[in-house]
Amino acid sequence: MKVPVARSIRPGAVIIISLGIILLALSGFLTPLTRLILAPFLQAQTWIAERYNAIASFVNAPADVAALRQRNAQLEAENARLELQVIQLQQQVREAEVLSSLVDYARSSVQSRYAAAAVIGYDTNPFMRYILINRGADDGLKIGMPIVTNQGLVGQIAAITSGAARVRLITDPSSVVDVHLQNADVDAILQGQITGEASLEMIPQTANVQPGDLILTSGLGGNYPANIVVGQVATVRKRDFDLFQSASVQLAVDFARLEIVLVISNFQPVDIAPLIPTPAP
Amino acid sequence: MTQSLFIIAFMSLVGLMQSAVFSRLNLLNGKLDVLFLFVIGWSLQPRVKARWLWAAVGGLIATLLSAMTPGVLLLAYMLTFVIGSYIQQHFWKQPSLAMLAAVFIGVVIIHLFSYVAVSLISGLQPVREVLNFLLLPSLLLNILCAFPVYLVVKDMASWLYPEELKV
């Protein structure tokens, strides 16, 4: 049986044509043609896919909402944790700033040795101006040691336990500090007030005291070291019939915002009680 | 025994909170005294048997936390407790009114005792300043917080001392 010639060369022709089309497609000559042909198909497929996705999301919505809620809760928890971290870091930065300023202060007066302490409590009675600090006898602190900040004088240790100390602020009514008015070059007494302020007493009538004059500790009496900043004179009261002038004081330290203080640990207060003459019997 | 230990532990915790937190919340120079409010709150719980223990523990803790002359605050707290109980038993059965009256009288007593003690130690203090900057702000603060503390004490009382059923 004879095979016709046309039928015998057909497969070869198909292969050649196919190869030609493939080569044309690979070389990019058929791109406009394929774009033209495929465009309606792609549009149709896109339309179908969008509708499918819409239906699928509608059908699967509860699961997605639950997953989203869970994710939202996770993110909220993460957000809260990060916010807390930010607050803690801000707190650490603030503490670092306070400590840095205290270190600067300690470096500026090298003759004194300092021990830093945190303020852990305030006196519960409104008549008393005392604070509690977290250092005590175990840290080498003793009653009478002065307390300062980089701003100025805070007070003196009044009572002590092994791990804590009670500090009498200079604003306490029972607190008396011998001070020196730098500009007027006179000594006076700083007396605490019941209102949480302090006033200058026993200023000689002849002294020329002006508002803004700097007040430093004088070191007299042996209770505090000399030349610690206390504050500034705010207003002066001078009456001709008084023996002394008095003045209100703008204290250097903000006692409502005390957080960290320095204890001057190498200062020993002098007990001058035996030197005070007693009346003979 | 367990209740007594709980009282000591709870009042110690309140004392710590008072010293570390509430003492910083000032109105002028007046202070909120939560320990005192708890003592007053317990004085108004008639079915609680060892009410005086709350006042004693509160007074001791206040004495420890304050530089005030030892005994002054304990005495003031105990007196306040007695007055609170008396008010509740004889004047106002309504606890809210009794609480207000007891807080008012108690704050005045504590400030009066403190004023006398401070004046004896540091010299006579100006009465007007004490009234304007200490007593009145303290009164306002403590009266504002009296009701919340009373509600806490009331809940604690029913939890610690459950009412006995009469058969």
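**Student:** Can you walk me through the overall build of chain B in this structure?
**Tutor:** Across its full length, chain B carries seven helices and two strands. Counting helices and strands in the order they occur from the N terminus, chain B gives α-β-β-α-α-α-α-α-α. Rg of the C-alpha trace for chain B: 16 Å, near the compact-globule value of 15 Å for 167 residues, within the 12% margin. Based on the C-alpha atoms only, the size of chain B along its principal axes is roughly 60 × 30 × 25 Å. Burial status across chain B gives 41% buried among its 167 residues. Sequence separation of at least 24 residues holds for 69% of the intrachain contacts in chain B that already meet a minimum separation of 6.

**Student:** Help me understand the overall build of chain A in this model?
**Tutor:** Helices and strands together make up the secondary structure of chain A, namely three helices and twelve strands. Relative to its length of 281 residues, chain A is extended, with a C-alpha radius of gyration of 43 Å against a globular reference of 19 Å. If you line up chain A on its principal axes, its C-alpha atoms span 160 × 40 × 35 Å. Here chain A holds 281 residues, and the buried ones make up 26% of them. When contacts within chain A are restricted to residue pairs at least 6 apart in sequence, those whose partners lie at least 24 apart make up 55%.

**Student:** Can you help me understand the domain arrangement of chain A in this one?
**Tutor:** It is common to give the size of an interface as the accessible area that goes away when the parts come together. Under the domain assignment used here, chain A contains domain 1 (11–58) and domain 2 (176–254). Distance between the C-alpha centres of domain 1 of chain A and domain 2 of chain A: 96 Å.

**Student:** For this particular structure, what's the right way to read the sheet that holds strand β3 (residues 146–148) of chain A?
**Tutor:** All names here are of chain A. Pairing is antiparallel in the closed barrel, where six strands are placed in the order β1-β2-β5-β4-β3-β12. Taking each pair of neighbouring strands and ignoring which way they run, the sheet shows an average axis angle of 45°. Direction of pairing for β3 relative to strand β12 (residues 260–264): antiparallel, over a ladder of two bridges. The residue of β12 that forms the bridge with valine 148 is leucine 262.

**Student:** Looking at this structure, how should I read the sheet that holds strand β11 (residues 244–251) of chain A?
**Tutor:** Backbone hydrogen bonds hold the strands of a sheet together, and the pairing may be parallel or antiparallel. Residues and elements named next belong to chain A. Pairing is antiparallel in the closed barrel, where six strands are placed in the order β6-β7-β8-β11-β10-β9. When strand polarity is set aside, the average angle formed by the axes of neighbouring strands in this sheet is 40°. Bridge count for strand β6 (residues 176–181) against strand β7 (residues 186–192) is six bridges, and the pairing is antiparallel. Paired with histidine 180 across the strands is aspartate 187, a residue of β7.

**Student:** Teacher, can you tell me more about helix α3 (residues 51–65) of chain B here?
**Tutor:** Helical periodicity: at 3.6 residues per turn, an α-helix aligns residues three or four positions apart in one direction. All names here are of chain B. The terminal C-alpha atoms of α3, which comprises 15 residues, lie 22 Å apart, in line with the 21 Å expected from a rise of 1.5 Å per residue. Among the residues of α3, those classed as buried are Arg51, Trp54, Ala55, Val57, Gly58, Gly59, Ile61, Ala62, Thr63 and Leu65. Looking at the buried side of α3, the elements it contacts are α1 (2–20), α2 (34–43) and α4 (72–90).

**Student:** For this particular structure, what's the right way to read helix α2 (residues 31–59) of chain A?
**Tutor:** All names here are of chain A. Taking 1.5 Å of rise per residue, the 29 residues of α2 would be expected to cover 42 Å, and the 39 Å separating its terminal C-alpha atoms lies within 8% of that figure. Bending of α2 peaks at approximately 40° at the position of leucine 38, with proline proline 40 no more than four residues after it. The buried count for α2 comes to zero of 29 residues, which makes it a mostly uncovered element.

**Student:** Please explain the interface of chain B and chain A as it appears in this structure.
**Tutor:** Between chain B and chain A, the contact holds 27 residues from the first and 18 residues from the second. Elements with a minimum of two residues in the side of chain B that touches chain A: α1, β2 (30–31), α3, α5 (95–122) and α6 (127–144) of chain B. Its residues placed into classes, the side of chain B that touches chain A shows 13 nonpolar, ten polar and four charged.

**Student:** Before we go on, may I ask you to explain the pairing of β6(A) in this structure?
**Tutor:** Across a regular strand the side chains alternate sides, sitting on one face of the sheet and then on the other. Residues and elements named next belong to chain A. Taking every second residue as pointing to the same face, the buried face of β6 carries Val177, Val179 and Leu181, while none of Val176, Asp178 and His180 on the other face is buried. Connecting the antiparallel pair β6 and β7 is a turn made up of four residues, with aspartate 185 showing a positive phi of about 55°. Summarising the sheet, β6 and strand β9 (residues 214–217) pair through three bridges and their orientation is antiparallel. What sits directly across from valine 179, in β9, is threonine 217.

**Student:** Would you explain the packing of α3(B) against α4(B) in this entry?
**Tutor:** Axes are the key here: two packed helices are described by the angle between their axes and the distance separating the axes. Residue and element names in this part refer to chain B. Packing of α3 against α4 brings their axes to within 8 Å, and their N-to-C directions diverge by 150°. In terms of axis orientation, α3 runs roughly antiparallel to α4. Crossing geometry of α3 relative to α4 is assigned as right-handed. Listed contacts from α4 to Arg51, Trp52, Ala55, Ala56, Gly58, Gly59, Leu60, Ala62 and Thr63 of α3 are Leu73, Leu74, Tyr77, Met78, Phe81 and Ser85.

**Student:** Even after reading the chapter, I still don't get the environment of Ala76(B), so can you show me in this structure?
**Tutor:** Residues and elements named next belong to chain B. As for its placement among the helices and strands, alanine 76 is situated in helix α4. Of the residues examined, alanine 76 has 26 C-beta atoms within 10 Å and is grouped as buried. As for alanine 76 and leucine 112, which are separated by 36 residues in sequence, their C-alpha atoms are 9.1 Å apart.

Cut-offs and rules
Residues numbered from 1 in each chain as written. Chains lettered and ligands numbered in written order. Predicted model: local features only at pLDDT ≥ 70, side-chain atom pairs only at ≥ 80, totals over all residues. Helix = DSSP H or I, 4+ residues; strand = E, 2+ residues; numbered from the N terminus. Rg over C-alpha atoms; globule rule 2.2 N^0.38 Å. Buried ≥ 20, exposed ≤ 12 C-beta atoms within 10 Å, placed from the backbone. Contact = placed C-beta atoms within 7 Å. Domains from an automatic or database assignment. Pairing = 2+ DSSP bridges. Axes fitted to C-alpha atoms, helices over the stretch in contact; angles between N-to-C directions. Expected span 1.5 Å × (residues − 1). Bend = angle between axes of the 7 residues up to and from the residue. Nonpolar A, V, L, I, M, F, W, Y, C, P; charged D, E, K, R; others polar. Parallel < 35°, antiparallel > 145°, perpendicular 65-115°, else oblique. Left-handed = near helix turned anticlockwise from the far one by under 90°.

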